[in-house]
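Read off the chains here:
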Amino acid sequence: MLEHMLTKPWRAFSYARLLARLLARVHSKHVRELISFNRRLQMAIQHNEDLPPDIKAAALSLLASLPSGDSLCHGDFHPDNIILAKQQPIIIDWLDASQGPPLADVARTLMLFTIPPLSMHPIKKLLISWLRAGTLKVFLDEYFSLLPEGKDQLDDWLSVVLAARLAEKIPEERGVILAQLDQRFKGII
């Protein structure tokens, strides 16, 4: 899907709506045998040496206050993990699948849309940055038109997901994420 977005940017909004519908369909399934998304986030935050102790404590406290759930969550849902096959789209890369609250998964997708692109060709990087702003709004509007519950907790989930993201140790993201976390937890710590 990402390649289609880049080569056919005029269709980016329709792809964003499709992405939202696919994620809502994933979240409509309930599972009980997978690791908890909340537990996965908790472990990533607890064992992350890059997080300052005060932000770590605030993120863990915030996570403890958020709901758990039994919806199927992908864990790494973004356009590059969707194959646009002729019959129907295929969701790939289920390595981080878990059970949990849909908003945790939506927050992870939101984070992937907002963290600056990694090293890549400058023209591709510029196009991705331009597409992100518009497609993200369309994605969120479509998703919440289908599953409106808990929308007010999305920002809290984003704070927790950002804290967990540092455990992935992507050097280009570290400074940006730490600055965002410092701002998000400013009044708490």
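Numbering of residues starts from 1 in every chain and runs along the sequence as written. This being a predicted model, a pLDDT of at least 70 is required before a residue's local features are given, and a value of 80 or more before pairs of side-chain atoms are given or counted; all residues contribute to the totals for chains, interfaces and linings. Hydrogen atoms and water are omitted, and side-chain values are computed over all heavy atoms in the structure.

## Notes on the overall build of the protein
Part 1 of the reasoning: Only DSSP runs of H or I with at least four residues qualify as helices, and only runs of E with at least two residues qualify as strands; both kinds are numbered from the N terminus onward. The number of helices and strands found in the protein is 8 helices and 4 strands.
Part 2 of the reasoning: The order of α-helices and β-strands along the protein, N terminus first, is α-α-α-α-β-β-β-β-α-α-α-α.
Part 3 of the reasoning: Within these notes, the globule rule equals 2.2 Å times the number of residues to the 0.38 power, and the radius of gyration is based on C-alpha atoms. Its C-alpha radius of gyration of 16 Å places the protein within 12% of the 16 Å reference for a compact globule of 189 residues.
Part 4 of the reasoning: Per-residue accessibility takes into account occlusion by the displayed protein chains alone, with areas from the Shrake-Rupley method and a 1.4 Å probe. Carbon together with sulfur atoms contributes 57% to the accessible area of the protein, which is approximately 9900 Å² in total.

## Regarding the nonpolar core
Part 1 of the reasoning: Side-chain atoms within 4.5 Å link the members of a nonpolar core, which is a set of buried Ala, Val, Leu, Ile, Met, Phe, Trp, Tyr and Cys residues. Residue exposure (1.4 Å probe, protein chains only): buried if accessible area is under 20% of the type maximum, exposed if over 50%, otherwise partly exposed. By size, the foremost hydrophobic cluster in this structure holds 61 residues, and its most contacted members are L41, V106, F139, L140, L154, W157 and L181.
Part 2 of the reasoning: When residues in this core are grouped by element, the largest group, 10 residues, is from helix 2 (residues 12–27).
Part 3 of the reasoning: We call two residues in contact whenever any of their non-hydrogen atoms come within 4.5 Å of each other. Once you skip the residues sitting within four places of it in the chain, F139 turns out to touch A16, L19, A20, L23, V106 and T109.

## A word on the packing of helix 3 (residues 37–46) against helix 4 (residues 53–65)
Part 1 of the reasoning: Running from amino to carboxyl end, helix 3 crosses helix 4 at an angle of 170°, the nearest separation of the two axes being 10 Å. Taken together, the axes of helix 3 and helix 4 are roughly antiparallel relative to one another. In this structure, helix 3 contributes N38, L41, Q42, I45 and Q46 to the contact, and helix 4 contributes K56, A59, L60 and L63.
Part 2 of the reasoning: The residue classification treats Ala, Val, Leu, Ile, Met, Phe, Trp, Tyr, Cys and Pro as nonpolar and Asp, Glu, Lys and Arg as charged. All others, Gly included, are polar. Residues belonging to the contact of helix 3 with helix 4 are distributed by class as follows: 5 nonpolar, 3 polar and 1 charged. Geometry is summarised by axes, namely lines fitted to C-alpha atoms with helices restricted to the contacting stretch, and by angles between N-to-C directions that run from 0 to 180 degrees. Here is the rule for angles: anything less than 35 degrees is roughly parallel, anything more than 145 is roughly antiparallel, 65 through 115 is roughly perpendicular, and the remaining ranges are oblique.

## Some remarks on unusual backbone geometry
Part 1 of the reasoning: In this model, D93 sits at a positive phi of 65°, which is unusual for a non-glycine residue.
Part 2 of the reasoning: Assignment of secondary structure puts D93 in the loop between strand 3 (89–91) and strand 4 (98–100).
Part 3 of the reasoning: Positive phi is not limited to glycine here, since K169 has a value of about 50°.
Part 4 of the reasoning: Among the structural elements, K169 can be located in the loop between helix 7 (154–165) and helix 8 (171–184).

Remember that the coordinates give geometry; whether it matters functionally is a separate question.
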